[in-house]
Amino acid sequence: MATKTKEVKRVSFAWQGKDKSGNHSRGKIDAQNIAEAKRLLRRQGINPSKLARDRGSLLSSRRNRAIKPLDIAFFTRQMATMMKAGVPLIQGLEIVANGAEKVKLKDLIYALRTDVSGGSDLSSALAKHPNYFDDLFCSLVRAGEASGQLETMLDRIATYKEKVESLKAKIKKALTYPSAVVIVAIIVTAILLVKVVPVFEDVFNSFGADLPAFTRWVIGLSELAQRYWFVGLISVIAMIIAFVQARKRSERFADLVDHALLKIPIIGSIIREAIIARFARTLATTFAAGVPLVQALDSTAGATGNVVYRRATLQIRNGVSTGQSLTNAINITGVFDVMVVQMISIGEESGSLDMMLDKVASFYEESVDNSVDNLSSLLEPLIMAVLGILVGGLVIAMYLPIFQLGNVV
């Protein structure tokens, strides 16, 4: 089992000096200490005359942000480009680290460089940081090292990571818009109940007349909101925290949520298409890398992100390991579309399984993109109707007594 190495903190140094042409220049460089900063500058052909810790850039909140999967995808793409250009691995890591904006990412890449320069394989160095490089990433890099095609493998991994992150962004887009509108509607309704309705209630009390039933109901709801709004807010926050923790800690609860997500009207089909796209993309990448099919399916199971398809993929793996064809094993699960089964069947028969899986992934990724756009168009009138009922209903309830008073006069 790989052990984590302690990542060394790096700081920014401001420098002034002359470059190879003798021209005066200045800039900043990140290093562990001033001695390393001088060494890095001399490697770049710069003779520093002044070198001091840069107090002004210690370290902005933007540069201290956490490393995201998209950062890892960009790092992989940079390394693939460097190695294809003939830059040695250690030098490539150093160049990418110097150009990294986030301090945590910079520290991570320097830690990788330290391990590789000490004699470790890149895959072994990556395995020491499982929070950023999962088993699939490490196994693909290991396959690239074994075949002597590390730069090609890094390019495939970068493409895979970029496609996966693009797919995640589309799913977030599908869920963010309706969620944001619903939250805004709830906030507006709460403000009306707590702040606006009481003002109208004082006016109505001066009328000395019976109020319409709808208005009395809204006033009662307002009084309830004024008394217990804090309890309601705490309850909502507690339920959200409980849901998140339950999903993290309880495998059974997480499985129920995964099942429920697939059954949500419209959104469920988008999530399902995204899972199939991720399944096909992961299997295509691992199989094209020369990973044995059974092992590739094992890695793919963990990348699906949903218990229904994870179990189906493990079932496929077991079927393939006992001698079944991939097509039959997938067909038996009953969770994949007929088109997916037929495309994989053609790929098996023609010996181009990775190409067919890539086509399946591209098709479903495009389908998710179109579905998200259609969902936005479908939800807009529905959301407007919900907002109209909530806000418009409150306004009508407040103006009904005024209308009745006008009729009496």
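Residues numbered from 1 in each chain as written. Predicted model: local features only at pLDDT ≥ 70, side-chain atom pairs only at ≥ 80, totals over all residues. Heavy atoms only, no water.

> Looking at this model, I keep getting lost on the overall build of the chain. Mind explaining?
Scanning the chain for helices and strands turns up 15 helices and three strands. At 29 Å, the chain has a C-alpha radius of gyration far larger than the 22 Å of a compact globule built from 409 residues. Expressed along its principal axes, the backbone C-alpha trace of the chain runs to roughly 90 × 70 × 35 Å. Residues classed as buried in the chain amount to 41% of the 409 residues present. For the chain, restricting intrachain contacts to residue pairs at least 6 apart in sequence, the fraction spanning at least 24 positions comes to 62%. Put simply, the chain shows about 22700 Å² of open surface, and 59% of that area lies on carbon and sulfur atoms. Here the chain contributes 49 positive and 37 negative side-chain charges, whose respective centroids are spaced 9 Å apart. (Helix = DSSP H or I, 4+ residues; strand = E, 2+ residues; numbered from the N terminus. Rg over C-alpha atoms; globule rule 2.2 N^0.38 Å. Buried < 20%, exposed > 50% of the residue type's maximum accessible area, 1.4 Å probe, protein only. Contact = heavy atoms within 4.5 Å. Areas by Shrake-Rupley, 256 points an atom, 1.4 Å probe, with all protein chains shown as cover. Lys, Arg positive; Asp, Glu negative; His and termini not counted. Charge placed at Lys NZ, Arg CZ, Asp CG, Glu CD.)

> Whenever I open this one, the packing of helix H6 (residues 135-147) against helix H7 (residues 150-205) confuses me. Can you help?
How two helices sit against one another is set out by the angle between their axes and by the gap between those axes. Axis separation between H6 and H7 bottoms out at 7 Å; the angle between their running directions is 155 degrees. Regarding the angle of H6 to H7, the classification is roughly antiparallel. H7 is crossed by H6, and the crossing has right-handed handedness. Of the residues in H7, those touching H6 at Leu136, Phe137, Leu140, Val141, Gly144 and Glu145 are Leu150, Met153, Leu154, Ile157, Tyr160 and Lys161. Across the contact of H6 with H7, the residue classes tally to nine nonpolar, one polar and two charged. (Axes fitted to C-alpha atoms, helices over the stretch in contact; angles between N-to-C directions. Parallel < 35°, antiparallel > 145°, perpendicular 65-115°, else oblique. Left-handed = near helix turned anticlockwise from the far one by under 90°. Nonpolar A, V, L, I, M, F, W, Y, C, P; charged D, E, K, R; others polar.)

> What exactly am I supposed to notice about the pattern of salt bridges here?
Side chains that carry opposite charge are capable of pairing whenever their charged atoms lie near each other. This structure, assessed with the given rule, holds 13 salt bridges. The shortest N-O distance in the salt bridge between Glu36 and Arg113 comes to 3.5 Å. In this pair, Glu36 is assigned in helix H1 (residues 34-43) and Arg113 in helix H4 (residues 103-117), connecting sequence segments 77 residues apart. Among the residues examined, Glu36 registers a relative accessible area of 5% and is labelled buried. As a salt-bridge pair, Asp258 and Arg247 come within 3.0 Å of each other at their nearest N and O atoms. Remark: Arg247 occurs in helix H8 (residues 213-249) and Asp258 occurs in helix H9 (residues 251-263); sequence separation between them is eleven residues. (Salt bridge = Lys/Arg side-chain N within 4 Å of Asp/Glu carboxyl O.)

> Help me out: how do you make sense of the packing of aromatic side chains in this one?
Remark: the centre distance and the inter-plane angle together describe each pair of aromatic rings, the angle taken between the planes. In the structure shown here, the tally under the stated rule is seven aromatic pairs. A ring pair is formed by Phe214 and Trp217, whose centres lie 6.3 Å apart and whose planes are at 15 degrees; its orientation type is stacked. Residue Phe214 and its partner Trp217 are both found in helix H8; the two are separated by three residues, about one turn of the helix. Residue classification places Phe214 among the partly exposed residues on the basis of a relative accessible area of 36%. Its relative accessible area of 54% is what places Trp217 among the exposed residues. Ring plane angle 80 degrees and centroid distance 5.5 Å describe the contact between Phe243 and Phe253, whose orientation is recorded as edge-to-face. With Phe243 in helix H8 and Phe253 in helix H9, this residue pair connects regions lying ten residues apart in the sequence. Taking relative accessible area as the criterion, Phe253 reaches 28% and is therefore assigned partly exposed. Ring pairing ties together the aromatic residues Phe75, Phe133 and Phe137, which thus form one cluster. (Phe/Tyr/Trp six-rings, centres within 6.5 Å; stacked < 30°, edge-to-face > 60°.)

> So what exactly am I meant to see when it comes to the confidence of the model for the chain here?
Should the pLDDT be low somewhere, the predicted coordinates at that spot are not to be read in detail. In the predicted model, the chain carries a mean pLDDT of 81, and 91% of its residues have values of at least 70. Looking over the chain, one finds the lowest element-wise mean pLDDT in strand E2 (residues 24-31), namely 72, and the highest in helix H13 (residues 326-333), namely 90. Counting interchain partners and residues more than four positions distant, the pLDDT-below-50 stretch residues 1-7 has 13 contacts. (pLDDT = per-residue confidence, 0-100.)

> Help me out: how do you make sense of the nonpolar core in this one?
One finds Phe133, Ile316, Leu326 and Phe336 to be the most contacted residues of the largest nonpolar core, which totals 87 residues. Broken down by element, the residue count for this core peaks at eleven residues, all from helix H10 (residues 267-288). With residues near it in sequence (within four places) discarded, Ile316 still touches Phe279, Leu297, Leu326, Ala329, Ile330, Thr333 and Phe336. Counting residues in hydrophobic clusters, the runner-up holds twelve residues, among them Leu192, Val197, Phe204 and Val218. (Core = buried A, V, L, I, M, F, W, Y, C linked by side-chain atoms within 4.5 Å.)

> Explanation requested: the environment of Lys195 in the structure shown.
You can see Lys195 is positioned in helix H7. Looking at Lys195, the relative accessible area reads 61%, which means it is exposed. Between the C-alpha atom of Lys195 and that of Gln324, which follows or precedes it by 129 residues, the distance is 67 Å.

> Which parts of the structure should I look at to understand the packing of helix H2 (residues 69-84) against H7?
Orientation of H2 relative to H7, taken along the N-to-C sense of each, is 155 degrees, at an axis distance of 8 Å. The angle between H2 and H7 places the two elements in the roughly antiparallel class. Considering only the axes of H2 and H7, their crossing is left-handed. Along its contact with H2, which presents Pro69, Leu70, Ile72, Ala73, Thr76, Arg77, Met79, Ala80, Met83 and Lys84, the element H7 presents Leu150, Glu151, Leu154, Asp155, Ile157, Ala158, Thr159, Lys161, Glu162 and Glu165. For the contact of H2 with H7, the class distribution of residues is eleven nonpolar, two polar and seven charged.

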